[in-house]
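Residue-level listing of the chains:
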Amino acid sequence: MAGAADGRGSKYAALHPTDGPELDAAAVSRRRPSASERRSKERFVYGCAIFASLNAILLGYDVGVMSGAIIYIQKDLHITEFQEEILVGCLSVISLLGSLSGGRTSDAIGRKWTMGLGAIIFQTGAAIMTFAPSFTVLMIGRLLAGVGIGFGAMISAVYIAEISPAAARGTLTSLPEICINLGILLGYVSNYAFSGLSEHISWRVMLGVGILPSVFIGVALFVIPESPRWLMMEKRVPEARAVLLQISESEAEVEERLAEIEEAANIMKSVNSEDKAVWRELLNPSPAVRRMLYAGCGIQLFQQITGIDATVYYSPTIFRDAGIKSDQELLAATVAVGFTKTIFILVAIFLIDKVGRKPLLYVSTIGMTVCLFALGTALTLRKHAEGLISPNLGIDMAIFAVCGNVAFFSIGMGPICWVLSSEIFPIRLRAQASALGQVGGRVGSGLVSMSFLSMARAISVGGMFFVFAAISTVSVVFVYFCVPETKGKTLEQIEIMFEGGKEWKGGGEVELEDTQHLMQGDKKAFSLG
């Protein structure tokens, strides 16, 4: 009877020489790994997640390095303001091609080899940019790099979500955001380090250094295993079981996870002839899938249209408008922004599985709104009311507001966007839906990046940040109504939650209380520090 009750898990159990109900002590000990074995498995999972996150360094480095390299590209190739906007913003839009095709490719050849393909495409594009003799060739390399980044950035979070245990999934799936921030910081440091070279050489060295992270990605492909969920989708059950044995604490957990994946994917049953194709289901969604799309695509869109890419790409322009004159001083100020962004993403990683996704999103969106409004005020006062504040105070206010904005972004909106996008969709839709979620974010990023200079010329740089502050205010409302809490739930439980819709509506009160606890916890942490 006990065996029948546990029949779901035992389907994949390893065969034993005896079927008796009693197990000797040795058998029990084999099923319960020692503390050192558990730590070894945890280190393996974290190692896989870190290797998979290396793709995100490419995206971050490109974003960070272009903010400074564009100064020297403009002087060397004599490009116009319009060409500058296109060069900066096109990567976000073109990466859509990589993201959308990456979903289908990852279902065809596997998650990890899709990451490798993205790295190869990016390497090709970065090499072309490094040796580009003209703006046209530079754009060709930029477009290829964008496609490669789209491939890698989309699939990394999916891969990590599919190998992570529920208790640590928030931390692990936010590792790509850490790597993006680390890449941005490295880009800023590269700008400052090579700013002393000639105009013709400096920007080429800055862009060429970006090839190095992709080399480590190639090595990682021979270390990390394939996603067990993808292996199950391909009906490669023994291989999936072998991977789960490497990342799970016990055989019982392996059998449970195999059964959950099978049930979610329905790969052990004949496919119902009435099942919709993936894209048809996404374009004509059920109420549950519609809720998932609202949350997943919406968070991607708000992440970008609140102006983070404009802040990062055009930070030298912002600081120049605030009153900083020297190119090296401008690049030094951007390094401070990069350090702030990286430090606070580490804070988010520590908190995301402790306090939950939604409280951090509240802190993030509210804090961003305040900082964006403060930045708009500082820039506007300097331009239209110079006598009210001293030039140095205006510069300090602008630097403080930019650092505050990226800090609040990094503590919530940045990493949690990746987490939610990779965990809320069911396995049959996950790769394609995550790719679709990138559409809103990439289009939003591209529109902001390609229009910032033109719009700033029309309404001033300060006016642009008042617009971003207004959009950030709307994002607070979006989080309240459209984002459920997923902390501590398995991927299959999250799917059931969206189907029931229980936590979809009216779930904000609890999370707001959690936010208060979070703020109190932060005060205690600072007092202890």
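Since we're looking at a predicted model, the values are computed, not measured.

The rules behind the values
- Residues numbered from 1 in each chain as written.
- Predicted model: local features only at pLDDT ≥ 70, side-chain atom pairs only at ≥ 80, totals over all residues.
- Heavy atoms only, no water.
- Helix = DSSP H or I, 4+ residues; strand = E, 2+ residues; numbered from the N terminus.
- Buried < 20%, exposed > 50% of the residue type's maximum accessible area, 1.4 Å probe, protein only.
- Contact = heavy atoms within 4.5 Å.
- Core = buried A, V, L, I, M, F, W, Y, C linked by side-chain atoms within 4.5 Å.
- Salt bridge = Lys/Arg side-chain N within 4 Å of Asp/Glu carboxyl O.
- Arc of directions from axis to C-beta.
- Axes fitted to C-alpha atoms, helices over the stretch in contact; angles between N-to-C directions.
- Parallel < 35°, antiparallel > 145°, perpendicular 65-115°, else oblique.
- Left-handed = near helix turned anticlockwise from the far one by under 90°.
- Nonpolar A, V, L, I, M, F, W, Y, C, P; charged D, E, K, R; others polar.
- Phe/Tyr/Trp six-rings, centres within 6.5 Å; stacked < 30°, edge-to-face > 60°.
- Lys NZ or Arg CZ within 6 Å of the ring centre and 35° of its normal.
- Patch = residues over 30% accessible without salt bridge, like charges linked within 9 Å, V, L, I, M, F, W, Y side chains within 5 Å.
- Areas by Shrake-Rupley, 256 points an atom, 1.4 Å probe, with all protein chains shown as cover.
- pLDDT = per-residue confidence, 0-100.

A few words now on the overall build of the protein. Along its length, the protein carries 25 helices and 0 strands. The buried share among the 529 residues of the protein stands at 57%. Taking all contacts inside the protein whose residues are at least 6 apart in sequence as the whole, residues at least 24 apart take part in 83%.

Bringing the nonpolar core into the picture now. Residues Ile 73, Leu 138, Phe 452 and Phe 465 are the most contacted members of the largest nonpolar core, which totals 138 residues. Here this core gets 19 residues from one element, more than from any other, and that element is helix α4 (residues 35–77). Those residues within four positions of Phe 452 in sequence are excluded, and the remaining contacts are Glu 85, Ala 310, Tyr 314, Val 461, Met 464, Phe 465 and Phe 468.

Here the structure, examined in full by the defined rule, presents 8 salt bridges. Between Arg 142 and Asp 62 there is a salt bridge whose closest N-O contact spans 2.4 Å. Highlighted residues: Arg 142 in helix α7 (residues 135–163) and Asp 62 in helix α4, separated in sequence by 80 residues. On the basis of relative accessible area, Arg 142 is assigned to the buried category, the value being 0%. For Asp 62, a relative accessible area of 3% corresponds to the buried category.

Moving on to helix α13 (residues 237–247). Where α13 is concerned, the buried positions are Val 237, Ala 240, Arg 241, Val 243, Leu 244 and Ile 247. One side of α13 carries all its buried residues, which in axial view fall inside an arc of 165°.

Bringing the packing of helix α16 (residues 287–305) against helix α23 (residues 461–482) into the picture now. Orientation of α16 relative to α23, taken along the N-to-C sense of each, is 160°, at an axis distance of 10 Å. Relative to α23, α16 is oriented roughly antiparallel. Helix-helix and strand crossings are classified by hand; for α16 and α23 the assignment is left-handed. Between α16, through Tyr 294, Ala 295, Gly 298, Ile 299, Phe 302 and Ile 305, and α23, the contact on the second element is made entirely by Phe 468, Ile 471, Val 474, Ser 475, Phe 478 and Cys 482. Classifying every residue of the contact of α16 with α23 by side-chain character gives 10 nonpolar, 2 polar and no charged.

Right, let's get into the environment of Ile 50. Along the chain, Ile 50 turns up in helix α4. Exposure remark for Ile 50: the relative accessible area of 46% places this residue in the partly exposed category. In this structure, the C-alpha to C-alpha distance between Ile 50 and Ala 220, residues 170 residues apart in sequence, is 9.4 Å.

A separate point is the packing of aromatic side chains. For any pair of aromatic rings, the description rests on two quantities: the centre-to-centre distance and the angle between the ring planes. Here the structure, examined in full by the defined rule, presents 7 aromatic pairs. With a centroid separation of 4.8 Å and 80° between ring planes, the pair formed by Tyr 480 and Phe 481 is classed as edge-to-face. Taking the relative accessible area as the measure of exposure, Phe 481 reaches 51% and is therefore exposed. The cationic tip of Lys 354 hangs over the ring face of Phe 350; the distance from NZ or CZ to the ring centre is 5.2 Å. A cation sits over an aromatic face here: Lys 358 above Tyr 480, 6.0 Å from the ring centre.

Nonpolar side chains collect at one region of the surface, where Ile 109, Trp 113, Leu 117 and Phe 222 lie side by side and expose about 420 Å² of accessible area between them. Topologically, Leu 117 is positioned in helix α6 (residues 111–130).

Here we take up the environment of Leu 54. Mapped onto the fold, Leu 54 is located in helix α4. Sequence separation between Leu 54 and Ile 217 is 163 residues, and the spatial gap between their C-alpha atoms is 6.3 Å.

Our focus in this paragraph is the side chain of Thr 340. Considering the arrangement of structural elements, one finds Thr 340 in helix α19 (residues 327–355). Judged by relative accessible area, Thr 340 falls into the buried class, the value being 16%. Setting aside chain neighbours within four positions, we find Thr 340 in contact with Cys 403, Val 406 and Ala 407.

Before going further, it helps to examine unusual backbone geometry. Not every positive phi belongs to a glycine, and His 78 is a case in point at roughly 55°. As for its placement among the helices and strands, His 78 is situated in the loop between α4 and α5 (81–109). Since its relative accessible area comes to 65%, His 78 is described here as exposed. One non-glycine residue with positive phi stands out, namely Ser 460, at about 85°.

When pLDDT is averaged across the protein, the result is 78; 83% of the residues are at 70 or more. Mean pLDDT per element in the protein: helix α1 (residues 2–5) is the minimum at 40, and α23 is the maximum at 92. Overall, residues 12–30 carries pLDDT values under 50, and its contacts beyond four positions in sequence, including any with other chains, amount to 14 contacts. This model gives residues 503–529 a pLDDT under 50, and the stretch forms 33 contacts once residues within four places in sequence are excluded.

Attention shifts here to the packing of α19 against helix α21 (residues 391–423). At a minimum axis separation of 8 Å, α19 and α21 run at an interaxial angle of 40°. Between α19 and α21, the angle falls in the class oblique. Pair α19 / α21 crosses with right-handed handedness. Across from Ala 336, Val 337, Thr 340, Lys 341, Phe 344, Ile 345, Val 347, Ala 348 and Ile 352 in α19, the residues of α21 making contact are Val 402, Cys 403, Val 406, Ala 407, Phe 409, Ser 410, Ile 411, Pro 415, Ile 416 and Val 419.

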